[in-house]
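Observations on the three-dimensional arrangement
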Amino acid sequence: PARPIYAEQLPAGLQTISNIVAVSSCKGGVGKSTVAVNLAYTLADMGARVGIFDADVYGPSLPTMVSPENRLLLMNPEKKTIIPTEYSGVKLVSFGFAGQGRAIMRGPMVSGVINQLLTTTEWGELDYLIIDMPPGTGDIQLTLCQIVPLTAAVIVTTPQKLSFIDVAKGVRMFSKLKVPCVAVVENMCHFDADGKRYYPFGRGSGSQVVQQFGIPHLFDLPIRPTLSASGDSGVPEVVADPQSEVSKIFQNLGVCV
Ligand code: ADP
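From a predicted model like this one, the values you see are computed outputs, not experimental measurements. (Residues numbered from 1 in each chain as written. Predicted model: local features only at pLDDT ≥ 70, side-chain atom pairs only at ≥ 80, totals over all residues.)

1. Some words on the confidence of the model for the chain
Predicted confidence across the chain gives a mean pLDDT of 88, with 92% of residues reaching 70 or more. Predicted confidence is poor over residues 1–5, with pLDDT under 50, and the contacts of this stretch with residues over four places away or in other chains come to 10 contacts. For this predicted complex, the interface confidence reaches an ipTM of 0.99, while the overall pTM sits at 0.94. (pLDDT = per-residue confidence, 0-100. Contact = placed C-beta atoms within 7 Å.)

2. Here's the deal with the environment of L218
On the secondary structure map, L218 appears in strand 12 (residues 217–221). For L218, a count of 16 C-beta atoms within 10 Å translates into the label partly exposed. In this structure the C-alpha to C-alpha distance between L218 and V154, which are 64 residues apart in sequence, comes to 9.9 Å. (Helix = DSSP H or I, 4+ residues; strand = E, 2+ residues; numbered from the N terminus. Buried ≥ 20, exposed ≤ 12 C-beta atoms within 10 Å, placed from the backbone.)

3. What to know about the packing of helix 3 (residues 107–119) against helix 4 (residues 139–147)
It is at 9 Å that the axes of helix 3 and helix 4 come closest, and there the two elements cross at 30 degrees. Our classification of the angle between helix 3 and helix 4 gives roughly parallel. The hand of the helix 3/helix 4 crossing is right-handed. Here helix 3 contributes G107, V110, S111, I114, N115, L118 and T119 to the contact with helix 4, which in turn contributes D139, I140, T143, L144 and I147. Each residue belonging to the contact of helix 3 with helix 4 can be placed in one class, and the counts come to six nonpolar, five polar and one charged. (Axes fitted to C-alpha atoms, helices over the stretch in contact; angles between N-to-C directions. Parallel < 35°, antiparallel > 145°, perpendicular 65-115°, else oblique. Left-handed = near helix turned anticlockwise from the far one by under 90°. Nonpolar A, V, L, I, M, F, W, Y, C, P; charged D, E, K, R; others polar.)

4. So, the sheet that holds strand 7 (residues 126–132)
Strand order in the open sheet formed by eight strands is 5-6-2-7-1-8-9-12, with mixed pairing between adjacent strands. Two strands bound the open sheet, and with one partner strand each, they are strand 5 (85–87) and strand 12. Pairs of neighbouring strands in the sheet enclose a mean axial angle of 25 degrees, with direction left out of account. Strand direction decides the pairing type here: strand 2 (residues 50–54) and strand 7, joined by five bridges, are parallel. (Pairing = 2+ DSSP bridges.)

Spelled out as structure tokens, the structure:
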């Protein structure tokens, strides 16, 4: 997709990135980080050069979900830049890899830290940078969206939390910034057992939501023990089992972003 607004004011550190995709949710615990990480590794598997920026300063998930050998970001003292760590060919930056200093911070400080981590990193040439957004649509999220020229947004939600109000908030924030919401992922929508399919949170009003907001794609992501186990093990499911049903869902999502 063509670069949207702010291209001319692009922070230097981001000028070598072709597509910046936000993975966002209105609430915590819906699977946003799971989607961000598996989407990133799927794009890498499809041949793209990819980085993940974990912008969730209060609860960084990337260090749990992906286990690089080197678990600390390095500084280039001359250029005063940050060198990302890397796992399976994907560049990784998270506050959780920043060592000491995970402190209690107020909003403006968090925005400053995110801005610094994101824009002083030596990302190098990337086809995609996937941003695991902090949950919600408050000031931190808005500031982040203003610093970064996003090319697309993916909204993650679960059936029981899939209220029009929540998704609308997300869509409204991105549309104000002229960022297209390319897909909604309805996570934990069902599971299969004893040859039957169960919908523990009710059947999603997902299709209604995407219709109402004109979002082009809706993906159902089932509850899968392997997905949470791989999230805890440091090897993303799409890396551990590239042929799985889940990997196919992420391949379809990868084509949309
Ligand atoms: P968020 O980033 O929205 O806070 P996470 O991606 O950290 O959510 O997911 C919360 C927890 O739920 C994690 O332990 C994760 O492994 C698990 N989880 C997420 N999606 C699924 C799924 N489809 N099936 C099984 N477990 C899942």
